[in-house]
Amino acid sequence: MVQERTLPVLQTSPAAITREEGLRVYEDMILGRFFEDKCAEMYYRGKMFGFVHLYNGQEAVASGVIKAMRSDDYVCSTYRDHVHALSAGVPPNQVMAELFGKATGCSKGRGGSMHLFSAEHRLLGGFAFVAEGIPIATGAALQTKYRREALHDASADQVTACFFGDGASNNGQFFECLNMAALWKLPILFVVENNKWAIGMAHDRATSDTEIYKKAKAFGMHGVEVDGMDVLAVRTVAQEAVARARAGEGPTLIEALTYRFRGHSLADPDELRSKEEKDFWFSRDPIKKLAAYLIEQDLAKEKDLKAIEKKIQIAIDDAVTFAESSPEPDPSELHHYIFAD
Amino acid sequence: MAEVLMFNALRAAIDEEMARDETVFVMGEDVGQYGGSYKVTKGLYEKYGEMRVLDTPIAENSFTGMAIGAAMTGLRPIIEGMNMGFLLLAFNQISNNAGMLRYTSGGNFKIPIVIRGPGGVGRQLGAEHSQRLEAYFQAVPGLKIVACSTTYNAKGLLKAAIRDPNPVLFFEHVLLYNLKEDLPDQEYLLPLDKAEIVRPGKDVTILTYSRMRHHVLQAVKTLEKSGFDPEVIDLISLKPLDMEAIAASVQKTHRVIIVEECMKTGGIGAELTASINDQLFDELDAPVLRLSSQDIPTPYNGTLENLTIVQPTQIVEAVQKMVALRV
């Protein structure tokens, strides 16, 4: 078992969350979890194909960050993108239909699991190669600064959240973009979801200094580590980073310590991670943690949470029905979308 | 009409488009304060400021990706490859994200981006600075690839490339920046997808692009003296190929010689030859002949370098042989 880092305890007390916000975040996490469980089922039933990377266990990161942002902010993801897309507001029907390869999918059946896009929901992608989304997200942040400063558009205060994993943090694009984002004070959050494993490569076998958030310091950037299994801690850190970015004070590198509850993809035999390690992290399930907090703080009753779970289960079932009944892309449109007119 | 150098014509194209559309901006290495390594952006930093003429660190893959991200969110970036060869370091972003992302996203995003700069074999610049990336990039779906060759077409094509809603790789040639030509005073744009008939003729169709156009024209001067009448077509668009113009010419001459600066293997001529064989085989009286650079890294030594690329005498000989000997 890889030596566990001591999970950080948030030094400042988490910003109080209202019942309404707490339930909204809970619903978002349940949506992510149930959606992914349904994907596994559909994959094994032969309804979706290719490489499918599920997000189970990491929900606190997507929900904690994206639900602290506005709907006109930008989100950029990786190949493990279903739940970022859902948190960004892409309807589950469109995501499920994309995974089924249908014409009604958010990428019209051309993208698949690793290439989810939605201009309407400001989802920049779905990037299948490790780290290649980081420059794209940094470019979206540059665009916001450009509108504000070169085009004098005072309303241009959008923030971009760029998600990637510990594996990407060893890639040149990570360092190059940290440099430029800090240099130009771009409104961006670099969110590293450190789930300890890049497929079969343990983080500490690939990385000379394993504490990724500390690398921000080399660029004169704010860097913070956070318990990625604690959605309220992630949310608090994200709120601070978003406020800083929106105020034109530049980027933040957030390292969320998290864990994927499943293999790298549904094709991964997952033979290298020990039972002991998995059990350690399973016991920190972020959804259970939030549920306990909401009940303990008297923000919700058990029945409120059950009602949300029931509602989401229905939405997921609807998404499958929608995907199954949706048309295949029209073969005569094979060449559509190569060029814009 | 005013006599203009090519690098100034390119600058005027950028300047006019930046003045016309405030979402157009330039980014790259030394494009701002330094004015560009070949002075194509000289003076624009002073005129438009540091956001619109953005000097970047030396991080090709990342700043190319950033330009793509900016294009996806509504801006129209022009990237200067200080030397187009450096963009090998940005191959992933150009291929996966400039070329393929619109399709992969099912049309969610447009990528209006121009990636321009000096390519080709210069004078003893060594192998890495003498690359012809058009050959490497031609297989990437979703890219348009354009090569300018005269001061006139450089300006009109670059303006059109900047206005195009798609990613355009725009190849200038390192040895053509000082070409001079009288340019019209009024604005003009040229189509990105049309070949240019440089010299009409009836004996043989010579297909060429970029600097080799000028080698071909040198050869044509010699050939004309012995009564040969070749048709010279500058491809301009290397992707997609203007097969309509090529077909019209081949139907007239029935013979094709391709003169290119890229290497023979997997080159533009290889694709052209295959397309001509596919579509125009019955029109041909002789196999398509390719005059290409040698399949070697471009050597530093001047004599060896000259032996690497096609020289006008080789073009003369090839035309004489194909036309006079009827092969």
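This text follows the structure it describes.
A. Quick peek at the overall build of chain A. Within chain A one finds eleven helices and seven strands. For 341 residues, the compact-globule estimate of 2.2 N^0.38 gives 20 Å, and chain A sits close to it at 19 Å. In terms of principal-axis extent, the alpha carbons of chain A reach across some 50 × 50 × 40 Å. Every one of the 341 residues in chain A was classed for burial, and the buried ones make up 59%. Of all intrachain contacts in chain A linking residues separated by at least 6 positions in sequence, the fraction that spans at least 24 positions is 77%. Total accessible area on chain A stands at roughly 13,700 Å², and carbon and sulfur atoms take up 53% of it. Here chain A contributes 39 positive and 49 negative side-chain charges, whose respective centroids are spaced 2 Å apart.

B. Representation of the sheet that holds strand β1 (residues 74-76) of chain A in the model. All names here are of chain A. Strands sit in the order β1-β2-β3-β7-β6 across an open sheet of five strands; the sheet is parallel. In this open sheet, the two edge strands, each paired with only one partner strand, are β1 and β6 (222-227). Across this sheet, the average inter-strand angle for adjacent strands is 20°, counted without regard to direction. In this structure, β1 lies alongside strand β2 (residues 160-165), joined through three bridges in parallel fashion. Within β2, the position partnered with V75 by the bridge is A161. Contacts between helix α8 (residues 231-246) and the sheet are confined to β3 (188-194), β6 and β7 (252-257), with β6 contributing the most and set at about 160° to the helix.

C. View of the nonpolar core. Counting residues in hydrophobic clusters, the biggest one holds 87 residues, and the most contacted among them are A:I134, A:L142, A:F190, B:M27, B:L207, B:I246 and B:I276. When residues of this core are sorted by domain, at least three fall in each of domain 1 (2-183) and domain 2 (196-324) of chain B. Among residues more than four places away in sequence, those in contact with A:I134 are A:C162, A:F164, A:A168, A:Q173, A:F174, A:C177 and A:F190. Listed in part, the 68 residues of the second largest apolar core include A:M69, A:F100, A:F163 and A:A291.

D. Representation of the pattern of salt bridges. Residues and elements named next belong to chain B. Across all of its chains, the model carries 47 salt bridges over all chains by this definition. Across the pair E16 and K159 runs a salt bridge whose closest N-O atoms are separated by 2.6 Å. Pair noted here: E16 is in helix α1 (residues 6-20) and K159 is in helix α7 (residues 151-163), with a separation of 143 residues, a long-range link. Under the relative-accessibility criterion, K159 is labelled buried at 0%. Between R20 and E17 there is a salt bridge whose closest N-O contact spans 3.6 Å. A residue pair is termed a helical-turn pair when its members lie 3 or 4 positions apart in one helix, as R20 and E17 do in helix α1 at three residues. With a relative accessible area of 52%, R20 lands in the exposed category. The network of salt bridges with common partners includes E16, E17, R20, K155, K159, R163 and E187.

E. Main features of the packing of aromatic side chains. Taken as a whole and assessed by the stated rule, the structure comprises twelve aromatic pairs over all chains. Note on A:Y43 and A:Y44: the rings are 5.4 Å apart at their centroids and 80° apart in plane angle, and the pair reads as edge-to-face. Using a relative accessible area of 57% as the deciding quantity, one classes A:Y44 as exposed. With a centroid separation of 6.1 Å and an interplanar angle of 80°, the aromatic rings of A:F117 and A:F127 are classed as edge-to-face. Of the two residues, A:F117 sits in the loop between α4 (92-99) and α5 (133-149) while A:F127 sits in the loop between α4 and α5, which places them ten residues apart along the sequence. Overall, the relative accessible area of 2% leaves A:F127 in the buried class. Within the aromatic cluster, the residues linked to one another by ring pairs are A:F117, A:F127 and B:F109. The ring of B:Y34 carries B:K39 above its face, with NZ or CZ at 4.1 Å from the centroid. Over the ring of A:F339 we find B:K144; its NZ or CZ atom is 5.4 Å from the centre of that ring.

F. Focus on the pairing of strand β13 (residues 256-263) of chain B. Residues and elements named next belong to chain B. Judged by how many residues are buried, β13 sits mostly within the fold: seven of eight residues are covered. When strand β10 (residues 205-208) meets β13, the two strands line up parallel, connected through four bridges. By the bridge assignment for β13, L207 is matched with I258. Sheet topology note: the β13/strand β14 (residues 289-293) ladder contains four bridges and is parallel. Bridge pairing links M263 to S293 in β14. Traced from β13 through helix α10 (residues 268-280) to β14, the parallel crossover comes out right-handed.

G. How the structure looks around the interface of chain B and chain A. Listed by partner, the interface residues are 43 residues for chain B and 43 residues for chain A. Carbon and sulfur atoms make up 68% of the area that chain B and chain A hide from each other, which totals about 3,500 Å². Together, B:M51, B:M66 and B:Y103 form the three largest contributors to the area buried by chain B at its contact with chain A, with a combined 21%. For the interface between chain B and chain A, the tally reads zero salt bridges. Across the contact surface, chain B and chain A share 20 residue pairs in polar contact (both at pLDDT 80 or more). Those elements that provide at least two residues to the side of chain B that touches chain A are β2 (24-28), β3 (53-55), α3 (60-72), α4 (91-99) and α5 (101-104) of chain B. When residues in the side of chain B that touches chain A are grouped by element, the largest group, nine residues, is from α3(B). Here the side of chain B that touches chain A is composed, by residue class, of 18 nonpolar, 19 polar and six charged.

About the criteria used
- Along each chain, the written sequence defines residue order, and numbers are assigned to residues from 1.
- Numbering of ligands from 1 and lettering of chains from A proceed in the order in which they are written.
- Local features in this predicted model are restricted to residues whose pLDDT is 70 or higher, and side-chain atom pairs enter the listing and the counts only when it is 80 or higher, whereas totals over whole chains, interfaces and linings include all residues.
- To obtain the side-chain values, all non-hydrogen atoms of the structure were used and water was disregarded.
- Under the DSSP-based scheme used, a helix requires at least four consecutive residues in state H or I and a strand at least two consecutive residues in state E, with every element numbered from the N terminus.
- C-alpha atoms define the radius of gyration, and 2.2 Å times the number of residues to the power 0.38 defines the globule rule.
- With a 1.4 Å probe rolled over the protein chains alone, any residue whose accessible area is under 20% of its type maximum counts as buried; one over 50% counts as exposed, and the rest are partly exposed.
- We call two residues in contact when some of their heavy atoms are within 4.5 Å.
- Per-residue accessibility takes into account occlusion by the displayed protein chains alone, with areas from the Shrake-Rupley method and a 1.4 Å probe.
- Counted as positive: Lys and Arg. Counted as negative: Asp and Glu, with His and the chain ends omitted from the count.
- For charged residues, the charge sits on one atom: NZ in Lys, CZ in Arg, CG in Asp, CD in Glu.
- At least two DSSP bridges between two strands are needed for those strands to be called paired.
- Angles run from 0 to 180 degrees between N-to-C directions of axes, and those axes are lines fitted to C-alpha atoms, restricted for helices to the stretch in contact.
- By nonpolar core is meant a set of buried Ala, Val, Leu, Ile, Met, Phe, Trp, Tyr and Cys residues that side-chain atoms within 4.5 Å join together.
- For the domain bounds, the source is a domain assignment made automatically or taken from a database.
- The salt bridge definition used is simple: a Lys or Arg side-chain nitrogen within 4 Å of an Asp or Glu carboxyl oxygen.
- Think of it this way: a Phe, Tyr or Trp ring, Trp meaning its six-membered ring, pairs with another when their centres are within 6.5 Å, and the plane angle makes it stacked under 30 degrees, edge-to-face over 60, tilted otherwise.
- Here, a charge over a ring means that NZ of Lys or CZ of Arg falls within 6 Å of the ring centre while also lying within 35 degrees of the ring normal.
- With strands facing away from the observer, any crossover in which the path from the first strand over the helix to the second runs clockwise is taken as right-handed.
- When two components associate, each loses some accessible surface as probed by a 1.4 Å sphere; the sum of these losses over both components is called the buried area.
- Any N or O atom pair separated by 3.5 Å or less is treated as a polar contact, with the protein-specific requirement of one donor-capable and one acceptor-capable atom, and with residues adjacent in sequence counted only for side-chain atom pairs.
- Amino acids outside the nonpolar list (Ala, Val, Leu, Ile, Met, Phe, Trp, Tyr, Cys, Pro) and the charged list (Asp, Glu, Lys, Arg) are all regarded as polar, and Gly is one of them.

Don't take any of this as a statement about function, it's just geometry.
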